[in-house]
Amino acid sequence: MAKETKPDEKDGRKSERCILPVKPGNSPQRTRWREGGVGSMELLDGTTTGSPKPESVSTKMQRIAELARNAPDMVFTTLAHHIDVELLLEAYRLTRKDGAVGVDGVTAREYAANLGERLASLLDRFKSGSYRAPPVRRVHIPKGDGRKTRPIGIPTFEDKVLQRAVTMVLGAVYEQDFLDCSFGFRPNRSAHQALEVLWKGLMDLRGGWVIDADIKGFFDNLSHGHLRSFLDQRVRDGVLRRMIDKWLKAGVMEAGETWRPDAGTPQGGVVSPLLANLYLHEVLDKWFAEVVLPRLRGRAFIVRYADDFVVVCERESDAQRVLEALGGRMERYGLTLHPEKTRLVRFGRPRHRPGAKRDGNEPEPGAFDLLGFTHFWGRSRKGGWTVKRRTAKDRFARAIRTIATWCRLNRHSPIEEQHKALTLELMGHDTYYGITGNGTALELLRYHVRRIWRKWLDRRSSRGQLPWQRFVRILERFPLPPARVVQSVFGRRAANLRS
């Protein structure tokens, strides 16, 4: 059990000073908790006597979350004491072990040796303030059509563990504040949920006007000063804030040289998505809900996944006003809307009946991309208009290019191994892109995969001895998996009805 000290008032907000343990005395505990799967807890019946056992990680996070939820104006000044060896061990368990190494060259396997001593040392350096955040190692990966590259940062493994632990504590607080319109990098929220909310909203408004926005270099231009002011509103724990400042100033190492940017979040860091969500929560989500919506004449809503978002308005005049105000809002906080990628899309439902000719005076509805899908109006199976989604052209081209490169590099591998790898690739593709209405794109991808696979099997030798009839026999023995809809709107509806 624990009791909370009285909060004091600071800058018009309550300040949580500390949470002190109550002396257990001789009273037996009525229940105890056992940690189950990730994010789940199971209540056990029974009693225990004597001194209570240390709280599980999940119980700690639940207590922080409950306190933050019940006191939305409270400022937390003592949170670092929740980070102990047990929480670091859980953070280590949740950290990927197959990632690339950072600037120190230490792998997850090497770090696992003497893990207890390493975590104890990490905790001591974190609490004492002697921990030095190492720079991230920058590498470049292909972007879009492969002509451009995207820089990413790779922290050290130990830094990932500590960032994970800090993120777990901060996330317990901020998850109580974040709005339902944001979906990216949040527990129990996914891109498919964002797509479903967008689809339902578009159908409810019968389309409307869509602001397809793009923030130019968001993760590189996020203002440190504004971020600190946003953190001040909820978290003023000196240990955590000092650690976040160290990560912001850690710098980037590339080609043997280290430089320290004066803006942006830690590249590749586990804590970066949380800080980015906090930034856009204050800059965009709250502003839209508290300032913009009450001033609009028609209905409107926003859907955001990390820094990708769209605003849907029922009226054109509202959309024009929001787009104009949006640019100024971003500039106020050091951000810029991409002038070429940000646009206003007419997305009203067509007035003519499906199958009939469109009136010459009727404007053609547009289309827009979000989360790898192109959204457009199409004909449903019942003959009416519905919002459809298909794989975006750039994502489709990237999938083909990835498979073609793999087939070229592995054309001399046994056919059985190639078949296994292609099967996994297609099944993984379907896991994300296999949504209701996207079956044509899934089938088209398999058509290209068959052509690419045959092309590179034919080039295993200089003579090219793989006629199509022989390749058909190979497909009969090693068939590619059929296209499948994994994320079905109708399946979710049935599940909701059953529940």
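The structure under discussion appears in the preceding block.
From a predicted model like this one, the values you see are computed outputs, not experimental measurements.

With that out of the way, let us pick up the overall build of the protein. Counting secondary structure elements, the protein contains 16 helices and 18 strands. Here the protein, with 499 residues, has 43% of them falling under the buried criterion. In the protein, 68% of the contacts between residues at least 6 apart in sequence involve partners at least 24 apart. With an accessible surface of roughly 27,300 Å², the protein has 49% of that area assigned to carbon and sulfur atoms.

Turning our attention to unusual backbone geometry. Most peptide bonds take the trans form, and the phi angle of most residues other than glycine is negative. For Asn-188, which is not glycine, the phi dihedral falls at a positive 60°. Mapped onto the secondary structure, Asn-188 falls in the loop between helix H5 (157-174) and helix H6 (191-205). Residues other than glycine seldom take positive phi values, yet Ala-255 does so here, at roughly 55°. Relative to the helices and strands, Ala-255 resides in the loop between strand E11 (252-254) and strand E12 (257-259). Ala-255 gets classed as exposed once you look at its relative accessible area, which sits at 78%.

This next bit is on the sheet that holds strand E17 (residues 373-379). Pairing between sheet strands relies on hydrogen bonds along the backbone, with the strands arranged either parallel or antiparallel. The three strands are arranged E16-E17-E18 in an open sheet whose pairing can be described as antiparallel. Edge positions in the sheet fall to strand E16 (368-370) and strand E18 (385-391), since each of these pairs with one other strand and no more. For this sheet, the mean inter-axis angle between neighbouring strands, taken without regard to orientation, is 40°. The pairing of E16 with E17 spans three bridges and is antiparallel. Opposite Leu-370, over in E17, you have Phe-373 as the bridge partner. H6 contacts E16, E17 and E18 of the sheet and is inclined by roughly 150° relative to E18.

The next subject is the packing of aromatic side chains. To describe a pair of aromatic rings, one takes the distance between the centres and the angle between the planes. Counted according to the given criterion, the structure contains 15 aromatic pairs. Ring geometry for Phe-373 versus Tyr-433: centroids 5.3 Å apart, planes at 50°, classification tilted. With Phe-373 in strand E17 and Tyr-433 in helix H13 (residues 415-433), the pair connects residues that are 60 residues apart, well separated along the chain. Given a relative accessible area of 0%, Phe-373 falls into the buried group. Cluster of aromatic residues (ring-pair linked, three or more members): Phe-218, Phe-219, Phe-230, Tyr-279 and Tyr-333. A cation over a ring is seen here: Arg-390 above Phe-376, with NZ or CZ 4.2 Å from the ring centre. Over the ring of Trp-456 we find Arg-459; its NZ or CZ atom is 5.2 Å from the centre of that ring.

Let's shift gears to the nonpolar core. One finds Ile-83 and Phe-126 to be the most contacted residues of the largest nonpolar core, which totals 80 residues. Residues in contact with Phe-126, not counting those within four places in the same chain, are Ala-80, Ile-83, Tyr-131, Leu-162, Val-166, Val-239, Leu-240 and Met-243. Counting 24 residues, the second largest nonpolar core, distinct from the first, contains Val-310, Val-312, Leu-370 and Trp-377.

Take H6 next. Under the 1.5 Å per step criterion, the end-to-end length of H6 is 21 Å for 15 residues, consistent within 8% with the ideal 21 Å. Turning to H6, its buried residues number three or more, namely Ala-191, His-192, Ala-194, Leu-195, Glu-196, Leu-198, Trp-199, Gly-201, Leu-202 and Leu-205. Positive backbone phi, approximately 55°, marks Arg-206, located one or two places after H6.

What counts and what doesn't
- Residues numbered from 1 in each chain as written.
- Predicted model: local features only at pLDDT ≥ 70, side-chain atom pairs only at ≥ 80, totals over all residues.
- Heavy atoms only, no water.
- Helix = DSSP H or I, 4+ residues; strand = E, 2+ residues; numbered from the N terminus.
- Buried < 20%, exposed > 50% of the residue type's maximum accessible area, 1.4 Å probe, protein only.
- Contact = heavy atoms within 4.5 Å.
- Areas by Shrake-Rupley, 256 points an atom, 1.4 Å probe, with all protein chains shown as cover.
- Pairing = 2+ DSSP bridges.
- Axes fitted to C-alpha atoms, helices over the stretch in contact; angles between N-to-C directions.
- Phe/Tyr/Trp six-rings, centres within 6.5 Å; stacked < 30°, edge-to-face > 60°.
- Lys NZ or Arg CZ within 6 Å of the ring centre and 35° of its normal.
- Core = buried A, V, L, I, M, F, W, Y, C linked by side-chain atoms within 4.5 Å.
- Expected span 1.5 Å × (residues − 1).

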